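Chains, contacts and geometry: an overview
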Amino acid sequence: MIDTESGILGRLVLNSAQREAVVYEGGPQLVFAGAGTGKTRVLTAKIAWIVDRGASPSRLFAATFTNKAAREMKSRVENYLNRSAENMWIGTFHSLCARLLRKECGRIGFKNSFSIFDSNDQTMLLRKIMQRTGTNESTVSIRTIMSYISGHKNRCIPPGEVQRSRYGIYEQELIEIYSAYQEELHKLQAMDFDDLLMNTVLLLRENPALLEAYQTYFEYILVDEYQDTNRAQLLLMKLLAGRHGRIFAVGDDDQSIYGWRGAQVENILTFEHDFPSVKIFKLEQNYRSSGSILAFANSVIASNSRRSAKRLWTDRDGGERVTVSRYRDDRHEASAIAESIKKLCQGNIRGGEIAVLFRTNAQSRIFEETFIRLRIPYIIVGGISFYERSEVKDALAYIRLLVNRADNISFERIYNTPPRGLGEKALEALSQIASEKKTSLLDALLITDPGQFNDRWKKGFSELRELFELLIDEAERGTRVHELLEESLKISGYMDLLSAQKTEESESRLENINELLNTTRIWSNENPGKGLEAFLEEATLATDVDRWVQREDAVNLMTLHSAKGLEFRIVYIAGCEEGNLPAHQNSGDDAKIEEERRLFYVGVTRAKEKLFCSFVDRRYRFGELQVRSPSRFILETDPSVYYMKDERGDFGLHQEKPNYFQLQEKAPVRFVRSDIPEKRDERKAASYDEEFSQDVVEYRRGQYIKHKNYGRGKIVDISGFGNDMKLTVLFNDGTRRRLMAKFAPLVHE
DNA sequence: GGCGTAAGACTTTTT
DNA sequence: GTCTTACGCC
């Protein structure tokens, strides 16, 4: 006992529940770790514990959700163990699989220099295939096909194993495209994101000896965010842990928000089915949020039916009650939040401790504009990922081709970028040669004398060829990534092209290119031993959250999805309206509604000290004003755990938008929510009117009223709402009284 | 073949 | 309001 205490445990600060989970050694373990209960701490402590008990750090397989989480875990483990975690298998599922595949993919017919295709490359390839097979995009959209393919890969079903249904020419067509797509990927020596998982499983499944080697090699399997794993990931875990059963999974079913991309909450709820004799642990003590925020969070998630029983608690009581604000429109919402942030920043709060969260990326724009106007520093995390920007992809396509010459998609990206007078016809001519010689486009270019081409293209093709001859030569001599990139951009004339244009757009592109050069320069210095492939892999598998550098003074703007795993002192959740949160696409289906609710819950539980939610009456969408009603997630939440504030102000007085205000006055706001089942709709809509319409229509701060007994007065404060609404009124005789709005005999002045 | 303009789709969320 | 694609002119 004393031994262990003086050992690694003595240095790990853990509560008793956490400690139990860390020291258990009896087989499969599942830890339900609610938001803010020290999940990362337990995971890291477990690793430290395992290593302390004699395991080799490089023989653990620890899968996390984001590279950021992986990095954090690595550095914490390094701290505990006081040794480098460099060769440890800690990373995202995708990067761990890529690493394994780079070693072993020869067995499934890939070179270890294979490219990783992002969704953009995927789209381009699919479009090409559909052109070839003559599939009309109006019958089957690329989106549909992509989700069909992804859906199968997430469940580890290659084209050959798809159950062919007896009916459906339509599905027959999808299977054929899927099949052609896989063939083409193989030809291009490329894998998409989903392939990284599926191919790893197929590889291990088809090579029992290899599987056994890895089962023996990895002494422990650890998984973070288990609730977000899909079938392919589950299969991988079962394969790897199949022999010894040493799996340690951590997750929280209440935070499962990736069902739409194949994650199955069932994986965590039926864990014992996959790993019998599992021991379950629960972490329920929250160290992050105030009591008020937790009360709100618990009330929100209580509406979900499919969840494991648990309840977060904290020994920190009180804190400021959660505020739910109502605004006129999205512009009003943005500027009110901006003002509120300004005020907070005058106190002891820094912008970097604040986050504004929203459901869709499109919502970020208005905040961006407002913050610029009010001179509030901000950072947007997410949106179009840096590595998905077209100029960045263009630049990287040159490097990708150096690593994998078979990557025709990259070739097609840049053969005429910048313009060299080579168009579709020129590409056709080159393709012709490539298929005759059975080579890739780049190789066809390199073995063909430009003189063979039509005069019109001679110059362009020889320029391109010289460029690649030079770059290939450089690459073989071991020139570093940033130098190669810089050279490609200079010699190709891409830089000149951008510098010559003086538009806002070209300048921002140039900025991105320079940022890319900068990033690669730093990367080269930090990773002296690594090659081009390694850089490209990191670049494609990086998320924007990974690139996110929190700044002390900059307010963080991001989607609710991106916010998972993060925490902030102050959190604003904007756009809590039906159709937005929950998203209208998901409002018909109970299971999807529950996922949306969990998404809201994830947002709520990011807050440490203060949480502000808001909804608006009207929002611009597609440049059109749309009427909105508050989210059911707000309405169904226990009214005693938050304040409702109507911030719409002087409506009916200074009419900047007459129609709108007239409408409000004549027909007191009714919230009809057509997208909720009939019964509930009636009940909720009625209670909403009852509870808030007075608040909404009759009283506002600064308003003058007349009391039957006390005479004229001014409302200086309003608290509570509905039947509980209290008014603080300063009467003309100087007295200040708090009145229950419901009973006070008041008349408007 | 390149470039500009107009019409159309589009917004859920991401490794 | 923004991005992508299609078409027509140079």
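What you see is a predicted model; the values in this text were computed from it and never measured.

About the thresholds
Residues numbered from 1 in each chain as written. Chains lettered and ligands numbered in written order. Predicted model: local features only at pLDDT ≥ 70, side-chain atom pairs only at ≥ 80, totals over all residues. Heavy atoms only, no water. Helix = DSSP H or I, 4+ residues; strand = E, 2+ residues; numbered from the N terminus. Buried < 20%, exposed > 50% of the residue type's maximum accessible area, 1.4 Å probe, protein only. Contact = heavy atoms within 4.5 Å. Areas by Shrake-Rupley, 256 points an atom, 1.4 Å probe, with all protein chains shown as cover. Near = heavy atom within 4 Å. Polar contact = N/O pair within 3.5 Å; in protein donor to acceptor, adjacent residues only side chain to side chain. Nonpolar A, V, L, I, M, F, W, Y, C, P; charged D, E, K, R; others polar. 1 Å grid on protein atoms, 1.4 Å probe; cavity = no way out; pocket = protein on both sides within 12 Å on 5 of 7 lines; lining within 4 Å. Points joined across faces, edges and corners; volume = space filled by probe spheres on them. pLDDT = per-residue confidence, 0-100. Phe/Tyr/Trp six-rings, centres within 6.5 Å; stacked < 30°, edge-to-face > 60°. Pairing = 2+ DSSP bridges. Axes fitted to C-alpha atoms, helices over the stretch in contact; angles between N-to-C directions. Salt bridge = Lys/Arg side-chain N within 4 Å of Asp/Glu carboxyl O. Core = buried A, V, L, I, M, F, W, Y, C linked by side-chain atoms within 4.5 Å. Right-handed = clockwise from strand over helix to strand, strands pointing away. Parallel < 35°, antiparallel > 145°, perpendicular 65-115°, else oblique. Left-handed = near helix turned anticlockwise from the far one by under 90°.

1. Description of the overall build of chain A
- On a plain count of helices and strands, chain A comes out with 32 helices and 21 strands.
- The 749 residues of chain A split such that 55% are buried.
- Looking at chain A alone, contacts between residues at least 24 apart form 74% of all its contacts between residues at least 6 apart.
- Summed over its atoms, the accessible surface of chain A is roughly 34100 Å², and 47% of this surface lies on carbon and sulfur atoms.

2. Some words on the protein's contact with DNA strand C
- In the vicinity of DNA strand C, the contacting residues are Arg127, Arg365, Phe622 and Gly623.
- Within 4 Å of the protein, the atoms of DNA strand C are drawn from sugar and phosphate moieties in a proportion of 25%.
- In the environment of DNA strand C, a phosphate oxygen lies 3.1 Å from a nitrogen or oxygen atom belonging to the side chain of arginine 365.
- Phenylalanine 622 is positioned such that a nitrogen or oxygen atom in its backbone is 3.5 Å from a base nitrogen of DNA strand C.
- Of the residues assigned to the surface near DNA strand C, the class counts are one nonpolar, one polar and two charged.

3. Concerning the protein's contact with DNA strand B
- Close to DNA strand B lie 29 residues; Arg143, Arg359, Lys425, Thr543 and Gln585 are nearest.
- Counting only atoms of DNA strand B within 4 Å of the protein, the fraction found in sugar and phosphate groups is 58%.
- Within the contact set of DNA strand B, a phosphate oxygen lies 2.7 Å away from a backbone nitrogen or oxygen of asparagine 361.
- Between DNA strand B and asparagine 416, the relevant distance is 2.7 Å, taken from a phosphate oxygen to a side-chain nitrogen or oxygen of the residue.
- Among the secondary structure elements, those contributing two or more residues to the surface near DNA strand B are helix 20 (424-437), helix 22 (455-476) and helix 28 (560-563).
- In terms of residue count, the dominant contributor to the surface near DNA strand B is helix 20 (three residues).
- Class assignment of the residues belonging to the surface near DNA strand B gives a composition of nine nonpolar, 12 polar and eight charged.

4. Digging into the layout of surface pockets
- The volume enclosed by the second largest pocket comes to roughly 1600 Å³.
- Together, 40 residues line the second largest pocket, and Arg71, Trp523, Asn527, Lys530 and Glu538 are the ones closest to its centre.
- Looking at the lining of the second largest pocket, the elements with two or more residues in it are helix 5 (67-81), strand 3 (89-92), helix 6 (93-104), helix 25 (504-526), helix 26 (532-541) and helix 27 (544-547).
- Residue composition of the lining of the second largest pocket, grouped by class: 14 nonpolar, 10 polar and 16 charged.

5. Focus on the confidence of the model for chain A
- Overall, the predicted model of chain A reaches an average pLDDT of 83, with 85% of residues at or above 70.
- Segment residues 652-698 is flagged for pLDDT under 50; beyond a separation of four residues in sequence, or across chains, it makes 81 contacts in the model.
- For residues 719-724, every residue scores under 50 in pLDDT, and the model assigns this stretch 19 contacts once sequence neighbours within four places are set aside.

6. So, the side chain of aspartate 195
- As for its position among the elements, aspartate 195 is in helix 10 (residues 193-206).
- Sequence-distant contacts of aspartate 195, that is, excluding residues within four places in its chain, are made with Lys153, Gln182, Leu185 and Thr200.

7. Focus on the packing of aromatic side chains
- One pass over the full model with this rule turns up 24 aromatic pairs.
- Centre to centre, the rings of tryptophan 89 and phenylalanine 218 are 5.1 Å apart; their planes meet at 80°, and the pair counts as edge-to-face. Here tryptophan 89, found in strand 3, pairs with phenylalanine 218, found in the loop between helix 11 (208-217) and strand 6 (220-223); they are 129 residues apart in sequence, far enough to count as distant. Across this residue pair, the class does not change: tryptophan 89 and phenylalanine 218 are buried.
- Seen in terms of ring centroids, tyrosine 226 and phenylalanine 271 are 5.1 Å apart; in terms of plane orientation they differ by 75°. Their pairing is edge-to-face. Of this pair, tyrosine 226 sits in the loop between strand 6 and helix 12 (231-241) while phenylalanine 271 sits in helix 14 (residues 271-274), and the two are 45 residues apart along the sequence.

8. Some points on the sheet that holds strand 7 (residues 247-251)
- One open sheet accounts for six strands, arranged 3-2-6-7-1-8; its pairing is parallel. Either end of the sheet is taken by a strand with one partner, and the two such strands are strand 3 and strand 8 (279-283). Here the strands of the sheet are splayed against their neighbours by 15° on average, with no regard to which way each runs.
- Sheet topology places strand 1 (residues 29-33) next to strand 7; four bridges connect them, and they run parallel. Paired with glutamine 29 across the bridge in strand 7 is phenylalanine 248.
- Running at roughly 155° to strand 3, helix 5 makes contact with strand 2 (60-64) and strand 3 of the sheet.
- Packed on one face of the sheet, helix 6 meets strand 2, strand 3 and strand 6 and runs near 120° to strand 3.

9. Concerning the pattern of salt bridges
- Tallying each qualifying case throughout the model produces 51 salt bridges.
- Salt-bridge contacts for glutamate 538 lead to lysine 530; the nearest nitrogen and oxygen are separated by 3.7 Å.
- Relative accessible area serves as the criterion here: at 39%, glutamate 538 is assigned to the partly exposed category.
- In this structure, glutamate 578 engages arginine 632 in a salt bridge whose closest nitrogen and oxygen atoms are separated by 2.8 Å.

10. Things to note about the nonpolar core
- If you look at the biggest cluster of nonpolar residues, it comprises 70 residues, and the most contacted ones within it are Phe61, Leu196, Ile221, Leu236 and Met237.
- In contact with phenylalanine 61, other than residues within four places in its own chain, are Trp89, Leu96, Phe218, Tyr220, Ile221, Leu222, Leu236, Met237 and Leu240.
- Grouped together as the second largest cluster of nonpolar side chains are 50 residues, Phe386, Leu402, Leu422 and Leu464 included.

11. Quick look at the pairing of strand 3
- As paired strands, strand 2 and strand 3 are joined by four bridges and run parallel to one another. Paired with alanine 63 across the two strands is glycine 91, which belongs to strand 3.
- One crossover worth recording links strand 2 to the parallel strand 3 by way of helix 5, and it is right-handed.

12. Describing the packing of helix 7 (residues 119-133) against helix 8 (residues 142-154)
- Where helix 7 contacts helix 8, the two axes come as close as 11 Å, and the packing angle between them is 110°. By the angle between their directions, the pair helix 7 and helix 8 is classed as roughly perpendicular. Classified by chirality, the crossing of helix 8 by helix 7 is right-handed. Between helix 7 and helix 8, the residues in contact are Ser119, Gln122, Thr123, Leu126, Arg127 and Met130 and Ile142, Ile145, Met146 and Ile149, respectively.

13. Here's the deal with empty space enclosed by the protein
- Going through the model one piece at a time under the given rule, you end up with three cavities of 30 Å³ or more.
- Roughly 200 Å³ of internal volume is contained in the largest cavity.
- Its residues assigned to classes, the lining of the largest cavity comprises nine nonpolar, four polar and five charged.
- Empty space within the second largest cavity amounts to approximately 40 Å³.

14. Considerations on helix 15 (residues 291-301)
- In terms of residue burial, helix 15 counts as a mostly covered element, since 10 of its 11 residues are buried.
- Inspection of helix 15 places Gly291, Ser292, Ile293, Leu294, Phe296, Ala297, Asn298, Ser299, Val300 and Ile301 among the buried residues, and these make up the whole buried set.
- Tucked into the core, helix 15 has its buried residues touching strand 9 (322-329), helix 29 (590-604), strand 14 (607-621) and strand 16 (642-646).

15. Regarding the environment of glutamine 626
- Mapped onto the elements of the fold, glutamine 626 is located in strand 15 (residues 624-627).
- Separated by 297 residues in the primary sequence, glutamine 626 and aspartate 329 have C-alpha atoms spaced 9.3 Å apart.
- In this view, glutamine 626 contacts Asp617, Arg618, Arg619 and Arg621; residues no more than four positions away in its chain are not counted.
- There is a polar contact of 3.4 Å between the side chain of glutamine 626 and the side chain of arginine 628.

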